[in-house]
Amino acid sequence: MNQLDASTITTDIAIIGSGMGGGTLAWALRNRGAKVLIVERGGYLPREPQNWSPREIFVAKRYRTTDPYLDGAGRPFRPSIYHVVGGCTKVYGAALPRFRREDFELLESEDGISPAWPVGYDELEPYYAEAERLFRVHGTAGSDPVEGARSTPFPWPAVPHEPVIAEVADSFARQGLRPFPLPLGIDLREGGTCIRCKTCDGFPCQVLAKSDAEVCVTTPALESPDVSMLTGARAVVLRTDPTGRRVTGLDIDMNGTRRTVVASTYVVAAGAINSAALLLRSASDRHPNGLANSSGLVGRNYMAHVNSALMAIRPTVNGTVFQKTLALNDWYFGESNARVGMGHAQLLGKLQAEMLQGSVPWAPKRALSEIAGRSVDWYLMTEDLPDPENRVSLDSAGRVVVMFKANNEKLHRRLVRSMATAMRRAGYPMIQTRRFGLDATAHQCGTAKFGDDPATSVLDPLCRTHDVANLFVMDASFLPSSSAQNPALTVAAQALRVGERAAFN
Ligand SMILES: Cc1cc2nc3c(=O)[nH]c(=O)nc-3n(C[C@H](O)[C@H](O)[C@H](O)COP(=O)(O)OP(=O)(O)OC[C@H]3O[C@@H](n4cnc5c(N)ncnc54)[C@H](O)[C@@H]3O)c2cc1C
């Protein structure tokens, strides 16, 4: 990083965002001779006792953004967005599955189409393998009934189930289902620091044993003399030359002080909502509808999965501590091998009374403790289809507006019913479910889809914008469909592919 004067910083490649996409790309570009500068809005998430306080995390929402976000009706909401080094991965559940081979192909449901990707599973496969090594993924190859072919086994063996979860897995098997160990990025290697606590999924890891982007890619990238990072640096607007074909500068706000980053290449990796917002905010005479938006698709096709939590409750206590070890894909392609299916089920981190209070603040804590002490807790996700009307935009005051109407809801309801039946059969007579709302932006994606055709996509297959030669978007925005799997490993795999294959000039 060089400084021309106090207000201008020069580099070769400026990456906006240090999360899964930005951090992994910085890692891939380290030691290549080009100077890489990460521009990160947040600071390091502090390691403090509150990291593991369910009340602080789920009721006070301690580390979430407080920016004003509006829904389609102009009502404020507080998305699960985290402006810290490592981005949303600092609090993620570290479930790191690959997408299925079929997820890259055109699929249909009664609500519409899940489009084909410009690259197939085989193209991404070696990068998935590398991402699994980088993010220390534990799993068992061949156990997931719908997984694609693998060139390598999982780098580490699956995280074992605790006894209550092993019983559930056995019951599922007796019911004819094919449960499998959830691929997880935690550090259980020899000498690894993971203590398998109950404050993993949704919490920052105080012992840095969760494979988040800060730990696995951003900090290791910074060990290279070629990579540096500005924290507390909010990207405000990207400016182009008079032709509109090249970005010439990025204005950043550092605690009220404006500075400009000048680079040869700019990579937006601010997360699907904020990357779209930055491009829209960077509208100019040459790009009146937003930078790199000749397709009109920047911000459109926002997806975040149709999600529910399902608590299956039994009369006896569930003493499980590290619960997030089991998954089911039996209904991934629907009950009749239909194309877009009902989706995926994976265990949540063990729910605790204070976590439930975030959703049902009126319920007495004692009742919540009784329930949480006896429940096995699932996260159910169904693919949502890209719909151009589901979109990120800016209002006249520059605030981010997220319009979203769910689709594939019928399929999701069938998934919920199927899981409820399986859990009742496993000895859990009481079932409670809750659909997640607009604030559940965890799996946000799709707002700058990649593709071959500039008329129907924002990015080319290596995530360069079709419209602006030296501008890339490398985060969850590129996904043209959401699949019914957690997205982070796919974001990392594509970042490794872009880092290896794209020409940065
Ligand atoms: C509670 C929770 C649980 C999750 N669990 C899982 C899971 O188990 N498995 C899984 O695969 N995925 C999970 N996810 C989703 C996963 O974290 C995301 O898919 C992934 O982080 C997306 O990567 P990204 O690069 O798009 O965004 P992020 O990783 O969020 O990175 C975006 C970065 O950009 C920065 N930024 C934003 N705006 C600006 C700006 N204007 N200027 C400078 N910097 C900016 C942010 O501060 C952030 O550091 C979860 C997410 C949440 C919130």
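This write-up is about the structure you can find in this document. (Residues numbered from 1 in each chain as written. Predicted model: local features only at pLDDT ≥ 70, side-chain atom pairs only at ≥ 80, totals over all residues. Heavy atoms only, no water.)

### Quick notes on the site of the ligand
Of all residues adjacent to the ligand, which total 36 residues, the nearest are Gly21, Glu40, Ala95, Ala235 and Ala488. At 3.1 Å, a backbone N or O of Arg41 approaches a nitrogen atom of the ligand. Here an oxygen atom of the ligand sits 3.1 Å away from a polar atom, N or O, in the main chain of Ala94. For the ligand, whose accessible area on its own is 990 Å², the fraction buried by protein is 93%. Broken down by secondary-structure element, the contributors of at least two residues to the shell around the ligand are α1 (20-29) and β13 (234-240). Split by residue class, the shell around the ligand holds 18 nonpolar, 14 polar and 4 charged. (Near = heavy atom within 4 Å. Polar contact = N/O pair within 3.5 Å; in protein donor to acceptor, adjacent residues only side chain to side chain. Areas by Shrake-Rupley, 256 points an atom, 1.4 Å probe, with all protein chains shown as cover. Helix = DSSP H or I, 4+ residues; strand = E, 2+ residues; numbered from the N terminus. Nonpolar A, V, L, I, M, F, W, Y, C, P; charged D, E, K, R; others polar.)

### Some thoughts on the sheet that holds strand β22 (residues 400-403)
With respect to topology, 4 strands assemble into an open sheet ordered β6-β5-β22-β21, the strand pairing being mixed. Only two strands of the sheet have a single neighbouring strand rather than two, namely β6 (76-77) and β21 (391-394). Bridge count for β21 against β22 is 4 bridges, and the pairing is antiparallel. Residue Ser393 lies in a different strand from β22, and its bridge partner there is Val401. Lying on the sheet, helix α6 (residues 272-281) is in contact with β5 (69-71), β21 and β22; it crosses β21 at an angle near 40°. (Pairing = 2+ DSSP bridges. Contact = heavy atoms within 4.5 Å. Axes fitted to C-alpha atoms, helices over the stretch in contact; angles between N-to-C directions.)

### Quick notes on the pattern of salt bridges
This model, assessed by the stated rule, comprises 27 salt bridges. The shortest N-O distance in the salt bridge between Arg101 and Asp122 comes to 2.9 Å. Placement of the pair is Arg101 in the loop between β6 and β7 (107-109) and Asp122 in helix α3 (residues 121-134), with a sequence separation of 21 residues. Of the residues examined, Asp122 reaches a relative accessible area of 52% and is grouped as exposed. Salt-bridge contacts for Arg497 lead to Glu123; the nearest nitrogen and oxygen are separated by 2.7 Å. In this pair, Arg497 sits in helix α10 (residues 488-501) while Glu123 sits in helix α3, placing the two residues 374 residues apart along the sequence. Of the residues examined, Arg497 reaches a relative accessible area of 3% and is grouped as buried. In this structure Glu123 comes out as partly exposed when scored by relative accessible area, which is 27%. One network of salt bridges, in which partners are shared, links Arg98, Glu125, Glu132 and Arg150. (Salt bridge = Lys/Arg side-chain N within 4 Å of Asp/Glu carboxyl O. Buried < 20%, exposed > 50% of the residue type's maximum accessible area, 1.4 Å probe, protein only.)

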